Amino acid sequence: MKILLITINYQDVKSTEELIKSIQDCEKIDDVKIIIGDNKSKLETKRELNKIKNNSNLNIDLTFFDQNHFYWPAANKIILEKIKKKKKLPEWIIICNNDTKIKNKNFFKELLNINNNEFCVIGPKIINQKKKNLNPFMIDPMSKLQRIYWNLYFRSFYFSELLNLLRNIKFFQKTKFYPDLKKEVYAVHGSMMIFSKLFFLKGGYLDTQFKMYCEEMSTAEIVKKIGGKITYIPQLEVIHNEHSSIKKIKRKTIFEIAKESHKYFIRKYLNN
């Protein structure tokens with residue numbers, strides 16, 4: 001096994017099935033092992049995931065969780081249980097939302113051609129439903145002005161809704177154009193992050209002291225701390241059905257989770 005792909009399912013088995021189908025069409029799949037973590041497993045989802053596994057020619061393991069550990073903590077549990085116990089790391093570990101799909105068939109072939117001793121974390125091109133590329137997530141660390149904005153944003157749910165409305169009005173939108181080239185960046189989008197074994201060998205880890213919405217910037221700060229780099233590589237391309245994995249969660253609940261994650265990030269990484 002040269003590549004381990006970890007994805008987390010939460011009730012949305014259809015998206016997981018689409019992801020698996022997209023991988024089956026790729027080259028070099030013999031070098032790929034897939035682990036599907038299922039949060040708050042139910043008998044129905046267990047049956048459906050086992051059906052996906054049995055109908056596929058891919059190397060798939062299933063891990064069932066009795067409770068909802070959310071995305072990043074669930075992925076970390078799999079890494080700790082499946083990888084560190086064996087004390088052998090694959091060349092690459094991909095952590096992705098189950099509502100992503102591999103676009104180019106040579107995705108894994110291209111990845112294996114990349115020197116994993118050169119990069120800690122890679123972000124692919126991630127295209128959402130609106131044909132927008134979600135990477136790079138952040139070119140530079142959070143500025144003082146951005147910090148003020150997000151502190152205001154999280155003052156109240158209704159104020160955040162107003163800001164979201166304004167951001168969606170074309171007049172208020174500011175479009176930045178970056179050459180779509182390989183580049184070192186501060187952070188890449190959390191819907192798919194690709195970790196080299198170098199990240200873990202240098203002391204990198206997944207910060208799991210939050211539920212959601214902090215994986216990008218916490219990983220960025222950890223990479224910076226261990227002296228690594230995060231690189232956007234657009235030759236690797238995936239499709240992301242954005243927010244389908246959280247569509248059953250109420251907007252106010254999502255806001256509260258994001259607020260707590262923001263407070264945690266500021267306290268842990270920016271106030272020290």
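Quick caveat, the model's predicted, so the values are computed rather than measured.

A. Main features of the packing of helix α1 (residues 13–24) against helix α2 (residues 43–54). Interaxial distance between α1 and α2 falls to 10 Å at its minimum, and their mutual angle equals 10 degrees. For the element pair α1 / α2, the angle class is roughly parallel. For the pair α1 and α2, the contacting residues are Val 13, Thr 16, Glu 17 and Ile 20 in the first and Thr 45, Glu 48, Leu 49 and Ile 52 in the second. Residue classes in the contact of α1 with α2 are distributed as 4 nonpolar, 2 polar and 2 charged.

B. Inspection of the nonpolar core at higher detail. In terms of nonpolar packing, the biggest core is built from 40 residues, with Ile 95, Val 121, Phe 195 and Phe 199 touching the most fellow members. At the level of secondary structure, the elements contributing two or more residues to this core comprise β1 (3–9), α3 (71–84), β4 (92–97), β8 (192–196), α7 (197–201), α8 (215–225), β9 (230–240) and α9 (251–270). Looking at which element gives the most residues to this core, the answer is α3, with 6 residues. Setting aside chain neighbours within four positions, we find Val 121 in contact with Val 188, Met 193, Ile 194, Phe 195, Phe 199, Thr 219, Val 223, Lys 229, Ile 230 and Thr 231.

C. Highlighting the pairing of strand β2 (residues 32–38). Most of β2 sits out of view: 7 of its 7 residues are buried. Along β2, one buried face is formed by Val 32, Ile 34, Ile 36 and Asp 38 and the opposite face, lined by Lys 33, Ile 35 and Gly 37, is buried too. Regarding the hand of the β-α-β motif, the stretch spanning β1, α1 and β2 is right-handed. Here β2 runs beside strand β3 (residues 59–64); their pairing, made up of 6 bridges, is parallel. Pairing of Ile 36 across the sheet is with Leu 62, part of β3.

D. Seen up close, the packing of aromatic side chains. Across all of its chains, the model carries 17 aromatic pairs by this definition. Ring geometry for Phe 107 versus Phe 108: centroids 5.3 Å apart, planes at 80 degrees, classification edge-to-face. A relative accessible area of 0% places Phe 108 in the buried class. Between the aromatic rings of Tyr 149 and Trp 150, the centroid separation amounts to 5.0 Å while the plane-to-plane angle is 85 degrees, which identifies the pairing as edge-to-face. Note on Tyr 149: relative accessible area 26%, which makes it partly exposed. On the basis of relative accessibility, which here comes to 26%, the residue Trp 150 falls in the partly exposed class. Taken together, Tyr 149, Trp 150, Tyr 153, Phe 154, Phe 157, Tyr 158 and Phe 255 form an aromatic cluster joined through their ring pairs. Across from the ring centre of Phe 64, 5.4 Å away, lies the NZ or CZ of Lys 46, which sits over that ring.

The rules behind each value
Residues numbered from 1 in each chain as written. Predicted model: local features only at pLDDT ≥ 70, side-chain atom pairs only at ≥ 80, totals over all residues. Heavy atoms only, no water. Axes fitted to C-alpha atoms, helices over the stretch in contact; angles between N-to-C directions. Helix = DSSP H or I, 4+ residues; strand = E, 2+ residues; numbered from the N terminus. Parallel < 35°, antiparallel > 145°, perpendicular 65-115°, else oblique. Contact = heavy atoms within 4.5 Å. Nonpolar A, V, L, I, M, F, W, Y, C, P; charged D, E, K, R; others polar. Core = buried A, V, L, I, M, F, W, Y, C linked by side-chain atoms within 4.5 Å. Buried < 20%, exposed > 50% of the residue type's maximum accessible area, 1.4 Å probe, protein only. Right-handed = clockwise from strand over helix to strand, strands pointing away. Pairing = 2+ DSSP bridges. Phe/Tyr/Trp six-rings, centres within 6.5 Å; stacked < 30°, edge-to-face > 60°. Lys NZ or Arg CZ within 6 Å of the ring centre and 35° of its normal.

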